[in-house]
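# Structural overview
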Amino acid sequence: MEVKGNKTKQEGAPKPTKERVIAFLKSKGFKNAVLTVLYPLISLAVVLLVWLIAAKSLDKPLVLPEPKEALRELFIILGEKQIYEYGAMTVGRSFLSFILSAAFAFLFSIIGVLFKPFHKVMSPIVTVLRAAPTLPVIFLAVIWFDYAEVPVVIGFLIAFPLLYSSYYTALTGVDKNLVDMAKSFNVSKKNVILYVYLPSIRKPCLESMKSVISLTLKVVVAAEITALTKKSLGLLFRMENLTYNISALLALTVFTVIISFILEGIFSLIIWATGKVR
């Protein structure tokens, strides 16, 4: 009996660290994490290769410099305090327009689900906002608003219709059978929202927000360039464009793309974290 008990204790003992590491490396989660990092790196390598071939073929450094020249300029820019201050201001404007868009889109989508005529009124407005060309809208905004307000307004006008459509689709896509079942068991409205609606709309809503946040950043920068917004990445783009510094323009583009990746990465973490909470 004692030998059997010792055998049971050994079987129940935790695995050694080496075995746990090997098991983790063989796990599906680790492989997926590696592929998640690997695919973007392959994409980056392809882009750099095409860029290098194009630069070598054109052989006009003033028009299209090689990637190493843009990277050298990027490191110079990263060594300056101004880029972080201006970058923070641009990200702040992007977040402000994005948060306002998300809040109004979610509120209006709920009203649209509860009151169908409201959605029918909103549909053509959303269609017009999505179809309107961005640059003319920016020109009009420059006339009507202050230079600091233009990027926020443009970001809102671009993000709002996309988020409204996504939220409305997610809300109307909730399984009606689950809702009816909850009602038949006299589940409170609060619990129906918390345990039926929110789990159903969580992922599609966050996925749409993940894609829209980078688009918002892009149009905010475009609006800053046109409006000459003070203390912004757009202003830096405009200044380098006036001096025809292509390497700096490419470096600023890379910097903006990095910010976009970071913002999307934050939403990926939110999606992952909220998926773990049940």
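Residues numbered from 1 in each chain as written. Predicted model: local features only at pLDDT ≥ 70, side-chain atom pairs only at ≥ 80, totals over all residues. Heavy atoms only, no water.

## As for the environment of Ile262
Stated formally: A helix here means a DSSP run of H or I that spans at least four residues, while a strand means a run of E at least two residues long, and both kinds are numbered starting from the N terminus. Burial here depends on accessible area, computed with a 1.4 Å probe over protein chains only, as a share of the maximum for the residue type. Under 20% is buried, over 50% is exposed, and the range in between is partly exposed.
Among the secondary structure elements, Ile262 is positioned in helix H12 (residues 246–276). Relative accessible area serves as the criterion here: at 48%, Ile262 is assigned to the partly exposed category. Put simply, Ile262 and Ser214 are 48 residues apart on the chain and 9.3 Å apart in space, counted from C-alpha to C-alpha.

## Focus on the nonpolar core
So the rule is basically this: Nine residue types can take part in a nonpolar core, namely buried Ala, Val, Leu, Ile, Met, Phe, Trp, Tyr and Cys, and a core is a set of them joined through side-chain atoms within 4.5 Å. By definition in these notes, contact holds between two residues if any of their heavy atoms fall within 4.5 Å.
Residues Ile83, Phe98, Leu163, Tyr164, Tyr167, Met209 and Ile259 are the most contacted members of the largest nonpolar core, which totals 43 residues. Looking at this core, the elements that each hand over two or more residues are helix H4 (67–78), helix H5 (81–114), helix H6 (116–131), helix H8 (150–172), helix H9 (176–184), helix H10 (189–227), helix H11 (233–242) and H12. Sequence-distant contacts of Tyr167, defined by excluding residues within four places in its chain, comprise Ala102, Ala105, Phe106, Ser109, Cys205, Ser208 and Met209. Counting residues in each nonpolar core, the second largest holds eight residues, with Ile138, Val150, Val219 and Ala227 among its members.

## Topic: H10
Keep this limit in mind: Residue count minus one, scaled by 1.5 Å, sets the expected span of a helix. The bend reported for a residue corresponds to the angle between axes fitted to the seven residues ending at that residue and the seven starting there.
Here H10 is 39 residues long, yet its end C-alpha atoms lie only 47 Å apart, well below the 57 Å a rise of 1.5 Å per residue gives. By the largest-angle criterion, Leu198 marks the main kink of H10, which is about 45°, and a proline, Pro199, follows within four residues. Positioned one or two residues after H10, Leu228 has a phi angle of 55°, which is positive.

## Quick notes on the packing of H10 against H11
Short version of the rule: Lines fitted to the C-alpha atoms define the axes, with helices restricted to the stretch that makes contact. Angles between their N-to-C directions range from 0 to 180 degrees. Put simply, angles under 35 degrees are roughly parallel, angles over 145 are roughly antiparallel, angles from 65 to 115 are roughly perpendicular, and the rest are oblique. By the definition used in this description, the sense in which the near helix is turned from the far one sets the handedness, with an anticlockwise turn below a right angle giving left-handed and a clockwise turn giving right-handed. Just so you know the grouping, Ala, Val, Leu, Ile, Met, Phe, Trp, Tyr, Cys and Pro go in nonpolar, Asp, Glu, Lys and Arg go in charged, and all remaining residues, Gly too, go in polar.
Between H10 and H11, whose axes approach to 7 Å, the crossing angle comes to 55°. Considering the angle they form, H10 stands oblique to H11. Of the two elements, H10 crosses H11, and the hand of that crossing is right-handed. Where H10 abuts H11, its residues Val221, Glu224, Ile225 and Thr226 lie against Leu233, Gly234, Leu235, Phe237 and Arg238. Grouping the amino acids of the contact of H10 with H11 by side-chain chemistry returns five nonpolar, two polar and two charged.

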